[in-house]
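For reference, the chains in residue letters:
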Amino acid sequence: MDHTPPPERPPRRLTVLSGGVGGARFLQGVLRLVARTGATTEITVVANTADDLWLHGLKVCPDLDTVMYTLGDGIDVERGWGRRDETWRAGEELAAYGAEPTWFGLGDRDLATHLVRTEMLAAGYPLSAVTEALCRRWQPGVRLLPMTDDRVETHVVIDDPADGQRRAVHFQEYWIRHHAEVPAHAVVPIGLDQCAPAPGVLEALSDADVVLVPPSNPIVSVGTILGVPGVREALAATPAPVIGVSGIIGGDHVRGMARQLLAAVGVECSAAAVALHYGARKEGGLLDGWLVDPVDADAVPALEGAGIRCRAVPLLMTDPDASADIAAAALALVP
Ligand code: FO1
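Conventions adopted
- Residues numbered from 1 in each chain as written.
- Predicted model: local features only at pLDDT ≥ 70, side-chain atom pairs only at ≥ 80, totals over all residues.
- Heavy atoms only, no water.
- Near = heavy atom within 4 Å.
- Polar contact = N/O pair within 3.5 Å; in protein donor to acceptor, adjacent residues only side chain to side chain.
- Areas by Shrake-Rupley, 256 points an atom, 1.4 Å probe, with all protein chains shown as cover.
- Helix = DSSP H or I, 4+ residues; strand = E, 2+ residues; numbered from the N terminus.
- Nonpolar A, V, L, I, M, F, W, Y, C, P; charged D, E, K, R; others polar.
- Domains from an automatic or database assignment.
- Contact = heavy atoms within 4.5 Å.
- Buried area = accessible area lost by both parts, 1.4 Å probe.
- Salt bridge = Lys/Arg side-chain N within 4 Å of Asp/Glu carboxyl O.
- Expected span 1.5 Å × (residues − 1).
- Buried < 20%, exposed > 50% of the residue type's maximum accessible area, 1.4 Å probe, protein only.

1. Some thoughts on the site of the ligand
Now for step 1: By nearness alone, every residue bordering the ligand is listed as Asp-51, Pro-62, Asp-63, Trp-81, Phe-104, Gly-105, Asp-110, Phe-171, Gln-172, Trp-175 and Ile-176.
Now for step 2: At 3.4 Å, a side-chain N or O of Trp-81 approaches a nitrogen atom of the ligand.
Now for step 3: Within the side chain of Gln-172, a nitrogen or oxygen atom sits 2.6 Å from an oxygen atom of the ligand.
Now for step 4: Calculation on the ligand without its partners gives an accessible area of 530 Å², and the protein chains cover 87% of this total.
Now for step 5: Every element with two or more residues in the shell around the ligand is listed here: α2 (62-71) and α6 (171-177).
Now for step 6: Here the shell around the ligand takes four residues from α6, the largest share from any one element.
Now for step 7: A breakdown of the residues in the shell around the ligand according to their chemical character gives six nonpolar, two polar and three charged.
Now for step 8: The residue makeup of the shell around the ligand includes at least three contributed by each of domain 1 (13-149 + 194-332) and domain 2 (153-187).

2. Observations regarding the side chain of Arg-281
Now for step 1: Position of Arg-281 among the secondary structure elements: in the loop between α11 (271-278) and β13 (289-292).
Now for step 2: Excluding residues that lie within four positions of it along the chain, Arg-281 makes contacts with Leu-235, Ala-236, Thr-238, Ala-240, Pro-241, Val-242, Leu-286, Leu-287 and Asp-288.

3. With respect to the domain arrangement of the protein
Now for step 1: Splitting the protein by domain gives domain 1 (13-149 + 194-332) and domain 2 (153-187).
Now for step 2: When each unit is reduced to the centre of its C-alpha atoms, the spacing between domain 1 and domain 2 is 22 Å.
Now for step 3: Counting from both sides, the interface comprises 17 residues of domain 1 and, opposite them, 15 residues of domain 2.
Now for step 4: Together, the buried faces of domain 1 and domain 2 total about 1400 Å²; carbon and sulfur atoms form 69% of this surface.
Now for step 5: The three residues of domain 1 that bury the most area against domain 2 are Trp-103, Met-257 and Ala-264, which together make up 38% of that side's buried surface.
Now for step 6: On inspection of domain 1 and its partner domain 2, the count reaches zero salt bridges.
Now for step 7: Taken together, the links from domain 1 to domain 2 amount to four residue pairs in polar contact (both at pLDDT 80 or more).
Now for step 8: Elements represented by at least two residues in the side of domain 1 that touches domain 2 include exactly β3 (53-55) and α10 (258-264).
Now for step 9: For the side of domain 1 that touches domain 2, the element with the highest residue contribution is α10, accounting for three residues.
Now for step 10: When grouped by side-chain class, the residues that make up the side of domain 1 that touches domain 2 number 12 nonpolar, three polar and two charged.

4. Points about helix α1 (residues 21-37)
Now for step 1: Its 17 residues give α1 an end-to-end C-alpha distance of 25 Å, which sits within 8% of 24 Å, the value for a rise of 1.5 Å per residue.
Now for step 2: Those residues of α1 that sit buried are Val-21, Gly-23, Ala-24, Phe-26, Leu-27, Gly-29, Val-30, Leu-33 and Val-34.
Now for step 3: Tucked into the core, α1 has its buried residues touching β1 (13-18), β2 (42-47), α2, β9 (210-213), β10 (242-245) and α13 (320-331).

Have a look at this one:
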């Protein structure tokens, strides 16, 4: 009797890099797959924190909260971010005072998370300890780590439509206020070079059996995590295979603003170009394997030729079961 578990059976220690909505939905699939197979898998999530911003004196962590709410079943599924059954009274009152910014959707239930987080930070707790405390309520079923406890903020250099001036604005202003519809000339991850990986991050990479890279934004989410000092080295050194999933299908992102930001950094918006942007592990890059959607199946031979194991499987995360199938296909790329 062959006791080798089927390849798509989740390993014991799985580390997943994550941005916001795309990463959270992929993680729902990983958890669904673990439940399906009855595997005893410890999942550690290393989440992007450069989307974070200070708002009305409160620290808001969109990607950490999106993962926490999604896996803790508090998310508004339609929006993909923020709380279900949300109300917006406090935001309306702030707007009535003319308290800027008014373009950021600040929900009343979500506000409690920012208040608790800000209070704990003010008491001296690092973001990783705050996140662990918040997760005690939400029980996401994963260990959720910020990529760093230090302040990092992605800013985007745009032509401001208000006055045509070129200026750097916070990523959230670029995305929420301008809907990523203004020309983006550069992406500037402020503080990234000086930050330190949060406690447990490097070990989560070096001790993993497999590392998964979800279809999160390759520039501002995954790219930022890779920019944390020590992370690329840990990924190069880990014995764990690193398998990624394309967020680009048929030359466009499924949602978000990857198309615009890939253009800003001069990378073609294709499943193959993103894989080559990450690079083949064999050539000093990130990836041992890469999943593309069947519409991009013509990219498979070239990526295999570049040293990246590649398969074409349906990549639309329409529900947790579809996401679980994608996670299984990613694990099946593990040699
Ligand atoms: N996205 C929007 O498009 N509009 C919003 O008003 C908005 C508010 C918001 C509040 C809290 C939060 O955790 C996320 C929020 N997001 C909003 C999503 C956020 O901009 C993105 O999830 C990430 O930052 C990009 O991945």
